Amino acid sequence: MSMLSMIRRSFCFVSKATLVRKKYTLPQLPYSYDALEPVISKEIMELHHSKHHATYINNLNVSLESLKECQEKGDISGIAALQKAIVFNGGGHINHSIFWNNLSPDGNMKPKGVLLHDLQEQFGSLDNFRNEMTAKTTGIQGSGWGWLGYNRKRKHLEIVTCANQDPLQATTGLVPLLGIDVWEHAYYLQYKNARIDYLKAIWDVINWEDVSTRYSSA
Amino acid sequence: LYPLLQCLAMSSSLGLAELSVCCIIAVLAHTSLAGKAYDQLAGAQKKYNLPDLPYAYDGLEPHVDTATLRVHHLGHHKAYTNKMNAALEEWRAQEPHNELAFAPIVEILEQVSRVPRQWRQPLINNGGGYVNHIIYWSTMCPAPSSATPTGSLLVDIENTFGSFSVFRERFTEEAGTLFGSGYVWLCEEAEGEGGGGLVITTTPNQDSPLSQGLHPLLVLDVWEHAYYLKHKNLRPNYVSEWWKVVCWEEVDALRKFWKSLTLSRILNEKLFEIKKHTQT
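## Section: the sheet that holds strand S2 (residues 156-163) of chain A
Residues and elements named next belong to chain A.
Here is step 1 of the chain: If you trace the 3 strands from one edge of the open sheet to the other, you get S2-S1-S3, paired in antiparallel fashion. On the outer flanks of this sheet lie S2 and strand S3 (175-181), each paired with one strand and no other. Within the sheet, the average angular offset between the axes of one strand and its neighbour, ignoring direction, is 25 degrees.
Here is step 2 of the chain: Most of the contacts of helix H3 (residues 76-102) go to S3, to which it runs at about 80 degrees, and overall it touches strand S1 (144-151) and S3.

## Quick word on the interface of chain A and chain B
Here is step 1 of the chain: Listed by partner, the interface residues are 18 residues for chain A and 15 residues for chain B.
Here is step 2 of the chain: Across the chain A to chain B interface the summed buried area is about 1,700 Å²; carbon plus sulfur atoms make up 62%.
Here is step 3 of the chain: The three residues of chain A that bury the most area against chain B are A:Gln141, A:Glu184 and A:Tyr188, which together make up 35% of that side's buried surface.
Here is step 4 of the chain: Counting across the chain A and chain B interface gives 0 salt bridges.
Here is step 5 of the chain: Where chain A meets chain B, there are 6 residue pairs in polar contact (both at pLDDT 80 or more).
Here is step 6 of the chain: For the side of chain A that touches chain B, the secondary-structure elements that each account for two or more residues are helix H2 (42-73) and helix H7 (188-191) of chain A.
Here is step 7 of the chain: Looking at the side of chain A that touches chain B element by element, the count peaks at 5 residues for H2(A).
Here is step 8 of the chain: Within the side of chain A that touches chain B, the residues separate by chemical class into 6 nonpolar, 8 polar and 4 charged.

## Some details on the side chain of B:Glu241
Here is step 1 of the chain: Turning to its location among the elements, B:Glu241 is positioned in helix H9 (residues 235-243).
Here is step 2 of the chain: Once residues lying within four places of it in the same chain are set aside, the contact partners of B:Glu241 are B:Pro62, B:His63 and B:His231.

## Comments concerning the layout of surface pockets
Here is step 1 of the chain: Its boundaries defined by the atoms lining it, the largest pocket holds a volume of some 540 Å³.
Here is step 2 of the chain: Considering the residues around the largest pocket, the lining is formed by 22 residues, among which A:Thr55, A:Asn59, B:Gly176, B:Leu178 and B:Phe179 are closest to the centre.
Here is step 3 of the chain: With 7 residues, the top contributor of residues to the lining of the largest pocket is H2(A).
Here is step 4 of the chain: Class assignment for the residues of the lining of the largest pocket results in 9 nonpolar, 10 polar and 3 charged.
Here is step 5 of the chain: Approximately 430 Å³ is the volume found for the second largest pocket.
Here is step 6 of the chain: Lining of the second largest pocket is provided by 19 residues; of these, A:Thr138, A:Asn193, A:Arg195, B:His76 and B:Lys83 occupy positions nearest its centre.
Here is step 7 of the chain: For the lining of the second largest pocket, the elements supplying multiple residues, two or more each, are helix H8 (195-202) of chain A together with helix H3 (66-94) of chain B.
Here is step 8 of the chain: The element contributing the most residues to the lining of the second largest pocket is H3(B), with 5 residues.
Here is step 9 of the chain: Its residues assigned to classes, the lining of the second largest pocket shows 7 nonpolar, 9 polar and 3 charged.

## Let's talk about the pattern of salt bridges
Residues and elements named next belong to chain A.
Here is step 1 of the chain: The full count for this structure, using the stated rule, is 11 salt bridges over all chains.
Here is step 2 of the chain: We note a salt bridge from Asp-210 to Arg-214, for which the minimum N-O separation is 2.9 Å. One end of the pair, Asp-210, and the other, Arg-214, are both in helix H9 (residues 208-216), 4 residues apart, so they sit about a helical turn from each other.
Here is step 3 of the chain: Overall, the relative accessible area of 21% leaves Arg-214 in the partly exposed class.
Here is step 4 of the chain: Connected via shared salt-bridge partners are Lys-23, Glu-65 and Lys-68.

## Regarding H8(A)
Residues spaced three or four apart along an α-helix point in a common direction, a consequence of the helix completing one turn every 3.6 residues.
All names here are of chain A.
Here is step 1 of the chain: Looking only at H8, the buried set comprises Arg-195, Tyr-198, Leu-199, Ala-201 and Ile-202. Take H8 and look down its axis: the buried residues cluster within an arc of 165 degrees, on one side only.
Here is step 2 of the chain: In this structure, the buried side of H8 is in contact with H3, helix H5 (126-138), S3 and H7.

## Focus on the nonpolar core
Within soluble globular proteins, side chains that are nonpolar tend to cluster in buried spots.
Here is step 1 of the chain: Core analysis: the largest hydrophobic core is formed by 126 residues, its most contacted members being A:Leu148, A:Tyr198 and B:Phe167.
Here is step 2 of the chain: Take this core: its biggest share by element is 9 residues, from helix H5 (residues 117-138) of chain B.
Here is step 3 of the chain: Non-local contacts of A:Leu148, meaning those with residues more than four positions away in its chain, are made with A:Leu119, A:Phe123, A:Phe129, A:Met133, A:Leu157, A:Glu158, A:Ile159, A:Val175, A:Pro176, A:Leu177, A:Leu178 and A:Val211.
Here is step 4 of the chain: In terms of nonpolar packing, the next biggest core, distinct from the first, is built from 6 residues, A:Leu64, A:Leu67, A:Cys70 and A:Ile86 among them.

## Concerning the packing of aromatic side chains
All names here are of chain B.
Here is step 1 of the chain: For the structure shown, the criterion picks out 29 aromatic pairs over all chains.
Here is step 2 of the chain: Ring geometry for Phe-164 against Phe-167: centres 5.8 Å apart, planes inclined by 45 degrees, an arrangement best described as tilted. Residue Phe-164 and its partner Phe-167 are located together in helix H7 (residues 164-177), separated by 3 residues, close to a single helical turn.
Here is step 3 of the chain: Judged by relative accessible area, which is 12%, Phe-164 ranks as buried.
Here is step 4 of the chain: Phe-167 gets classed as buried once you look at its relative accessible area, which sits at 0%.
Here is step 5 of the chain: Put simply, the rings of Phe-161, Phe-164, Phe-167, Phe-171, Trp-242, Trp-243 and Trp-248 touch in pairs and so form one group of aromatic residues.

Cut-off values and rules
Residues numbered from 1 in each chain as written. Chains lettered and ligands numbered in written order. Predicted model: local features only at pLDDT ≥ 70, side-chain atom pairs only at ≥ 80, totals over all residues. Heavy atoms only, no water. Pairing = 2+ DSSP bridges. Helix = DSSP H or I, 4+ residues; strand = E, 2+ residues; numbered from the N terminus. Axes fitted to C-alpha atoms, helices over the stretch in contact; angles between N-to-C directions. Contact = heavy atoms within 4.5 Å. Buried area = accessible area lost by both parts, 1.4 Å probe. Salt bridge = Lys/Arg side-chain N within 4 Å of Asp/Glu carboxyl O. Polar contact = N/O pair within 3.5 Å; in protein donor to acceptor, adjacent residues only side chain to side chain. Nonpolar A, V, L, I, M, F, W, Y, C, P; charged D, E, K, R; others polar. 1 Å grid on protein atoms, 1.4 Å probe; cavity = no way out; pocket = protein on both sides within 12 Å on 5 of 7 lines; lining within 4 Å. Points joined across faces, edges and corners; volume = space filled by probe spheres on them. Buried < 20%, exposed > 50% of the residue type's maximum accessible area, 1.4 Å probe, protein only. Arc of directions from axis to C-beta. Core = buried A, V, L, I, M, F, W, Y, C linked by side-chain atoms within 4.5 Å. Phe/Tyr/Trp six-rings, centres within 6.5 Å; stacked < 30°, edge-to-face > 60°.

Structural measurements only, silent on function.
Structure (structure tokens):
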């Protein structure tokens, strides 16, 4: 066999291998279900992670399987029809994966270094930043997320909100640094309709190291 | 009463006096709808009240739990009421000559694209929340006399969807697949005097089908706050419990409410035309 045909064959082998898609799985929480008490109850954490997040992942896997079939059949209409489900469930998986790491049982963390400096510079003070993020996130109608994101083009931090599970980067181009889930399932069992109380309390369990890490690689 | 009103509306040869009588009858017809809940929707209010639930907070047990009804009504519905009133007050103060600001909330929602931008989203959210929940409470009852609609409503559902069970399946499927917060509706198209066809539709957040030229007949709230305390993430369990408290009598009464509202508007227009004609 010639060198060229050997290379061609190995190339085909690699291409076929990439069509075998991996299935997404539920990531482990970095802490136990009761670790964020009293800010977020064990009951909420368990449901949120093992039911809601798990469901997004299952549905994402199903949608991507259907997508693969449509691609193989050249069914463009089918591909288009799947986009909503991929955004819902893919967004749900992305968002929650970030969220679990954005939170930490260590209630003594504070923003430091470059992140602290830039938050103070761009929002006036840490309190101003927290107040603005709380206000914008409280004001979300229905289900959604409040985000601190990094705008690469303008080189500054921004607070934005997204509806439902719309993933921040795909929707706005901003790099997600800190997300706060305000779907009612994130707080209702504990805080009922008092979303503002949940938002005031959650600042005590933010993992600022994680946020800084995301910022430095943004 | 309804056929009489239809005949009167279609006749163009009535004098002023006769038409005034017709208008009074039509207004009485649509304000006679059972219960205090709809009183607030019958006309424009300076300040809308939160209507009481048509039953006690434990009245829908074991299908819809007491704790949920309490928070849902006294927490969520009350907040929508207060914020809607605040938005209306502000709008009316700033635009005292804008007729729409002083119209009934139902009419404002029907013409929501004409609300100035500053108050439009607040009224979509809070005016919608106010009206949507009134309909939700009113179309449930502790001991429905029938698990299915009867009379002309049943006939129309069968003609539109094939059968009641097909309708129920489709409605349930919409409820199961609605993403995020919103509602599932059975509506009637608001065309003309007889009404248009029946349709199952969904709206996100607190958006009202009134803004899409539809008259809502039956609604299922699938915001998580409607079921999470009891059912957690298992929305389908909530949906199957909800079917057990759907009050088809009230759905029928609501259908008649929209029909007579439409009629009274037509009669009002005719009255206005005659007035104009007699003045020139």
